[in-house]
Amino acid sequence: MWKVPLFDISYTSQERTAVLDVLDSKWLTMGERTLEFERAFADYLGGNVSCTAVSSCTAALHMALLAHNIKAGDEVIISGLTFIANANVVAMSGANLSVADITSERDWNISVTDVKSKLTSSTKAIILVHYAGYPVKISEFVQLAEDHNLILIEDAAHAVGATWQGRQCGTFGDISCFSFFSNKNLSTGEGGMFVTKCPEIDRKAKLLRSHGMSAPTLDRHKSHQFSYDVIQPGLNYRIDEIRSSLGLVQLGKLKENNNKRAHLVQHYINLIDEMGLPVDIPFHPLNTNCISSYHIFPVLLPEGCDRISVMRRLKEKGVQSSIHYPQFSQFSAYRDLSVFSTPVLDGVAPRILTLPLYPDLSEMQVDYVIAALGESLNL
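Remember, it's a predicted structure, so these values are computed and weren't measured experimentally.

(A) Seen up close, helix 9 (residues 241-275). In this model, helix 9 (35 residues) spans 47 Å end to end at C-alpha, consistent with the 51 Å of a helix rising 1.5 Å per residue. Taking the largest bend as the criterion, helix 9 deviates by roughly 50°, centred on L254. The backbone nitrogen of I242 has a side-chain oxygen 3.0 Å away, supplied by the residue at the start of helix 9, namely D240. Note on helix 9: the residue one or two positions beyond its end, G276, has a positive phi of about 65°.

As structure tokens, then:
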């Protein structure tokens, strides 16, 4: 259907072999490969972190709130420009949700100034997102959290491989959460990682992941323990061996694939400049303090542009596009969130358009996308 899809998974025979090895082992649930994946991911991040592989980034975010006993009466501040999972986990915890604005028309990450203005005596945590893989100016948030005794949660779903001042995103917060969904830079289909430096929170995470049980299935299988205790209530947020095996292969390819994404983004930018397209590109020029993971390539359409018409014309030309993200107040479950003042986002959100980006995208395909965008804008 698509001449150029929004994304495509960068898999080779290595992923196929890894999955077949798991099938041949006949051990599919969480086991040795998961332990290896957790160790390898922790080594990759550095910063003396501990990792718990889980079924999704949403699971990791939910566990982050549970591990810090976020409950009814507490308040959590999130960015207005993020996936609905951030709002959902806060709602499911029973806490009150507060929505902060983005920084500017060029910087679509959460505004530290607006967060400060929305702090209350009930505020217990901030969830920040490195939108599109471009790091938040996180040093400011670390200081804010320390000054106000707040829990800082990094949603690094877009940011695996991104760095701020030479340090990996996902190593700054009290807890960080990564996504390995199909379209992510490190793709296992579903899956995520819970990251912390605190031994006690790491212990809680491993209990929350697996029903609060003291002994995982693998230990009982190996007869290290014959039974188990339930230390605390928990959930089934486990990852499995197939996805962990995919994660190990993908982790080995991550640097190369992120470099390919960076090259393609620069090619996009050069073409947009050469053609004089009336679209703005957020985060560029890139802050010299950071390296992006280049997860997605969003552009800002001209004011007054009919985005749906543009997307429809792109579709007719075989180019898939998307919106990252609709505002929460557009969703039936969150219409009351329109009470939060986010004037910068209100001006940006109706004009966001995400164009195709993935490691195996070719320069010729990028050429085609930009030509199609120009025609779709009636240029």
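(B) Spotlight on the pairing of strand 1 (residues 50-54). Counting buried positions over the 5 residues of strand 1 gives 4, a clear majority of the element. Two strands pair when backbone bridges link them, and strand 1 and strand 9 (residues 192-196) are joined in this way by 5 bridges, in the antiparallel orientation. Bridged to T52 within strand 9 is F194.

(C) Quick look at the packing of helix 10 (residues 307-316) against helix 12 (residues 363-376). Following both chains from N to C, one finds helix 10 and helix 12 inclined at 130°, their axes separated by 9 Å at the closest point. Considering their axes alone, helix 10 and helix 12 lie oblique with respect to each other. Both helix 10 and helix 12 take part in a crossing whose hand is right-handed. Listed contacts from helix 12 to V310, R313 and L314 of helix 10 are A372, L373 and S376.

(D) Spatial organisation of the packing of aromatic side chains. Under the definition given, this model contains 13 aromatic pairs. Note on F41 and Y44: the rings are 6.5 Å apart at their centroids and 40° apart in plane angle, and the pair reads as tilted. Here the residue F41 and the residue Y44 both occupy positions in helix 2 (residues 32-45), the gap between them amounting to 3 residues, near one helical turn. By relative accessible area, F41 is classed as buried at 0%. Residue Y44 is classed as partly exposed on the basis of its relative accessible area, which comes to 27%. Through a chain of ring-to-ring contacts, three or more aromatic side chains come together here, namely F83, W108, Y131, Y134, F283, Y294 and Y325. Across from the ring centre of F172, 4.1 Å away, lies the NZ or CZ of R167, which sits over that ring.

(E) The arrangement of the packing of helix 9 against helix 12 in detail. It is at 10 Å that the axes of helix 9 and helix 12 come closest, and there the two elements cross at 40°. Of the two possible hands of crossing, helix 9 and helix 12 adopt the one that is right-handed. Seen from helix 9, the contacting residues are H263, L264, H267, Y268, L271, I272 and M275; seen from helix 12, they are E363, V366, D367, V369, I370 and A371. Partitioned by chemical class, the residues of the contact of helix 9 with helix 12 number 9 nonpolar, 2 polar and 2 charged.

(F) Representation of the sheet that holds strand 8 (residues 175-179) in the model. Strand order in the open sheet formed by 7 strands is 1-9-8-5-4-2-3, with mixed pairing between adjacent strands. Edge positions in the sheet fall to strand 1 and strand 3 (96-100), since each has one partner strand and no second. Within the sheet, the average angular offset between the axes of one strand and its neighbour, ignoring direction, is 20°. Sheet topology note: the strand 2 (residues 75-79)/strand 3 ladder contains 5 bridges and is parallel.

(G) Fine view of the nonpolar core. Formed by 44 residues in total, the largest nonpolar core has its most connected members in W108, Y131, F297, L353, L355, I370 and L373. If you list the elements that add at least two residues to this core, you get helix 9, strand 11 (297-300), helix 10, helix 11 (343-348), strand 12 (352-355) and helix 12. Per-element tally for this core: the top contributor is helix 9, with 6 residues. When sequence neighbours within four positions are dropped, the list of residues in contact with L353 reads F297, P298, V299, L301, V310, M311, L314, S321, S322 and L373.

(H) Molecular detail of the sheet that holds strand 6 (residues 163-164). Strand order across the open sheet formed by 3 strands is 7-6-10, with antiparallel pairing between neighbours. Because the sheet does not close on itself, it has two edges, and the strands there are strand 7 (167-168) and strand 10 (290-291). Where strand 6 and strand 10 come together, 2 bridges link them in antiparallel fashion. Each bridged residue has a counterpart across the sheet, and for T163 the counterpart in strand 10 is I291.

What counts as what
- Residues numbered from 1 in each chain as written.
- Predicted model: local features only at pLDDT ≥ 70, side-chain atom pairs only at ≥ 80, totals over all residues.
- Heavy atoms only, no water.
- Helix = DSSP H or I, 4+ residues; strand = E, 2+ residues; numbered from the N terminus.
- Expected span 1.5 Å × (residues − 1).
- Bend = angle between axes of the 7 residues up to and from the residue.
- Polar contact = N/O pair within 3.5 Å; in protein donor to acceptor, adjacent residues only side chain to side chain.
- Buried < 20%, exposed > 50% of the residue type's maximum accessible area, 1.4 Å probe, protein only.
- Pairing = 2+ DSSP bridges.
- Axes fitted to C-alpha atoms, helices over the stretch in contact; angles between N-to-C directions.
- Parallel < 35°, antiparallel > 145°, perpendicular 65-115°, else oblique.
- Left-handed = near helix turned anticlockwise from the far one by under 90°.
- Contact = heavy atoms within 4.5 Å.
- Phe/Tyr/Trp six-rings, centres within 6.5 Å; stacked < 30°, edge-to-face > 60°.
- Lys NZ or Arg CZ within 6 Å of the ring centre and 35° of its normal.
- Nonpolar A, V, L, I, M, F, W, Y, C, P; charged D, E, K, R; others polar.
- Core = buried A, V, L, I, M, F, W, Y, C linked by side-chain atoms within 4.5 Å.

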